[in-house]
Amino acid sequence: MLALSTLLLLVPSVLSAPLFGINLDDFFDKPADSTTKDSPAISLDDVKSTLLRPAQFARAAYCSTKSLTSWTCGEPCKSLGKVNFLQSGGDEGLVPLYFIAHDPTDNAIVVSHEGTDSKNIVSIINDVKFTMADLNATRFPQFATLGVKVHSGFQDTFERTADGLLAGVLKALESTGVKKVSVTGHSLGAAVGTMTGLWLKQKVDPSVKVTVAGFGLPRGGNQAWADLLDKEVGVTFMTNQNDPVPTVPPLFLGFQHPQGEIHITDDSQKNFIKCAGQDNENCATGNSLLSVSVSNHKGPYFEGISFGHSACPEGRA
Ligand SMILES: *[C@@H]1O[C@H](CO)[C@@H](O)[C@H](O)[C@H]1NC(C)=O
């Protein structure tokens, strides 16, 4: 009896402990992961047909510029086969790396943004100083009246490489004659990728198709931002089981995901559900913060693909 009452006394304090600035009590009525009418299963083949190369490119972005330039980044490079590396930017430090390549397999120009390791992404997202900022109205004047707000840290990161990146993509499109741009990234790289996708969409010839894929995407902005991405870009993003990153910053602070989530429901790397609408409760949004798994952020997602520096030969932290 003593043990039970002690336990009961402990429960409320455990439950009210804020995790990532979120009160766990807010998450109790969420259903467990399940396949339902609005979140049907999709096959590994379907996932691979649209997301395999984006996942492989997002993994390679964690490797050093040197190993990417010579396309000797170990398994991340090998798995992609023949790729023509074109340009990189960022400084592998404060400004995360991105690279541009021509992918003959997909007949696309690929822009891949480096992410950040799990510990850092949680601190970036939960930084007490974080604020929502207006979407840069100089860069996106056509959307200036929509009330779009984005995570200021993500926008700052995007701004540091946006102009050089656009110049590189325009040059690559011209020299190859390719009609598709595929933007990809994991974690912070996925968040920046959504902004890159929107930006490129405004700047490339309308005959060029721009697609954006993300893995472990955190929420990047408000409802107007999510709606703008749905209308202008059409993001596809994968969330893995109990990864906390896609659930922050939280909905109650006004953050919102776009549509296009594909949720991984177990460790088999074979079971996925396609989530209808924005922030579908059967997917990452419905996760209980009592069973958070930061290692789910890294992966594996499918085909043994995990994200982070450890996949690269230099094995940076
Ligand atoms: C907004 O975008 C312009 C380029 O269009 C850039 O020069 C400026 O630095 C950006 N502002 C901020 C606050 O990032």
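Residues numbered from 1 in each chain as written. Predicted model: local features only at pLDDT ≥ 70, side-chain atom pairs only at ≥ 80, totals over all residues. Heavy atoms only, no water.

- The name given to the chain in an unreviewed UniProt entry is Lipase-3 domain-containing protein, with the source organism recorded as Mycena indigotica.
- Of the chain, the UniProt comment under Sequence similarities (unreviewed entry) reads exactly: "Belongs to the AB hydrolase superfamily. Lipase family. Class 3 subfamily." (UniProt positions renumbered as here; feature names shortened; annotations may be inferred.)

**Quick notes on the side chain of Gln-155**
Part 1 of the reasoning: Position of Gln-155 relative to the elements: it lies in helix H6 (residues 152-176).
Part 2 of the reasoning: Owing to a relative accessible area of 7%, Gln-155 belongs among the buried residues under this scheme.
Part 3 of the reasoning: Non-local contacts of Gln-155, meaning those with residues more than four positions away in its chain, are made with Ala-133, Asp-134, Leu-135, Asn-136, Val-150 and Met-195. (Helix = DSSP H or I, 4+ residues; strand = E, 2+ residues; numbered from the N terminus. Buried < 20%, exposed > 50% of the residue type's maximum accessible area, 1.4 Å probe, protein only. Contact = heavy atoms within 4.5 Å.)

**What about the packing of H6 against helix H7 (residues 188-203)?**
Part 1 of the reasoning: Interhelical geometry of H6 versus H7 gives an angle of 45 degrees and a closest axis separation of 9 Å. On the basis of the axis angle, H6 is oblique to H7. Relative to H7, H6 is oriented so that their crossing is right-handed. Within the contact between the two elements, H6 uses Phe-154, Gln-155, Thr-157, Phe-158, Ala-162, Asp-163, Leu-165, Leu-166, Val-169 and Leu-170 and H7 uses Leu-188, Ala-191, Val-192, Met-195, Thr-196, Trp-199, Leu-200 and Lys-203.
Part 2 of the reasoning: The class makeup of the residues in the contact of H6 with H7 is 13 nonpolar, three polar and two charged. (Axes fitted to C-alpha atoms, helices over the stretch in contact; angles between N-to-C directions. Parallel < 35°, antiparallel > 145°, perpendicular 65-115°, else oblique. Left-handed = near helix turned anticlockwise from the far one by under 90°. Nonpolar A, V, L, I, M, F, W, Y, C, P; charged D, E, K, R; others polar.)

**Considerations on empty space enclosed by the protein**
Part 1 of the reasoning: Under the defined criterion, the tally for this structure stands at two cavities of 30 Å³ or more.
Part 2 of the reasoning: Looking at the largest cavity, its volume works out to about 70 Å³.
Part 3 of the reasoning: Among the elements that take part in the lining of the largest cavity, H7 stands out by supplying three residues, more than any other.
Part 4 of the reasoning: Lining the second largest cavity, in full, are Val-95, Pro-96, His-113, Glu-114, Thr-157, Thr-161 and Val-192.
Part 5 of the reasoning: The residue makeup of the lining of the second largest cavity, split by class, is three nonpolar, three polar and one charged. (1 Å grid on protein atoms, 1.4 Å probe; cavity = no way out; pocket = protein on both sides within 12 Å on 5 of 7 lines; lining within 4 Å. Points joined across faces, edges and corners; volume = space filled by probe spheres on them.)

**Structural notes on the packing of aromatic side chains**
Part 1 of the reasoning: Evaluation of the coordinates by the stated rule reveals ten aromatic pairs.
Part 2 of the reasoning: Relative to Phe-302, the ring of Phe-272 has its centre 6.4 Å away and its plane inclined at 90 degrees; by these criteria the two rings are edge-to-face. With a gap of 30 residues between them, Phe-272 in strand E11 (residues 272-274) and Phe-302 in the segment after helix H9 (295-298) connect regions that are remote in the sequence.
Part 3 of the reasoning: When its relative accessible area of 1% is taken as the criterion, Phe-272 is described as buried.
Part 4 of the reasoning: Accessibility expressed as a relative area gives 0% for Phe-302, which makes it buried. (Phe/Tyr/Trp six-rings, centres within 6.5 Å; stacked < 30°, edge-to-face > 60°.)

**Quick notes on the nonpolar core**
Part 1 of the reasoning: In terms of nonpolar packing, the biggest core is built from 41 residues, with Val-111, Leu-135, Val-169, Val-181, Leu-198, Leu-200 and Trp-225 touching the most fellow members.
Part 2 of the reasoning: Going through the elements one at a time, strand E3 (98-103), strand E4 (108-113), H6, strand E7 (180-186), H7, strand E8 (209-215), helix H8 (223-232) and strand E9 (235-240) are the ones with two or more residues in this core.
Part 3 of the reasoning: The residues touching Val-111, leaving out its near neighbours within four places in the chain, are Phe-99, Ile-100, Leu-165, Val-169, Val-181, Ser-182, Val-183, Thr-184, Thr-196 and Leu-200. (Core = buried A, V, L, I, M, F, W, Y, C linked by side-chain atoms within 4.5 Å.)

**Section: the state of the cysteines**
Part 1 of the reasoning: Tallied over the full model, the rule gives three disulfides.
Part 2 of the reasoning: With its sulfur 1.9 Å from that of its partner, Cys-73 forms a disulfide with Cys-77. The sign of the 115 degrees torsion about the S-S bond sets the Cys-73-Cys-77 disulfide as right-handed.
Part 3 of the reasoning: A relative accessible area of 0% places Cys-73 in the buried class.
Part 4 of the reasoning: Through a disulfide, Cys-275 is tied to Cys-283; the S-S separation comes to 2.0 Å. Between Cys-275 and Cys-283, the disulfide has an S-S torsion of -105 degrees and is therefore left-handed.
Part 5 of the reasoning: Under the relative-accessibility criterion, Cys-275 is labelled buried at 6%.
Part 6 of the reasoning: Sequence-ordered numbering of the bonded cysteines in the chain yields a pairing of 1-6, 2-3, 4-5. (Disulfide = S-S within 2.5 Å.)

**Some words on the environment of Val-95**
Part 1 of the reasoning: One can find Val-95 in the loop between strand E2 (84-89) and E3.
Part 2 of the reasoning: Distance in space between the C-alpha atoms of Val-95 and Asp-156 is 9.5 Å, their sequence separation being 61 residues.
Part 3 of the reasoning: Apart from residues no more than four positions distant in its own chain, Val-95 is found in contact with Gly-90, Arg-160 and Thr-161.

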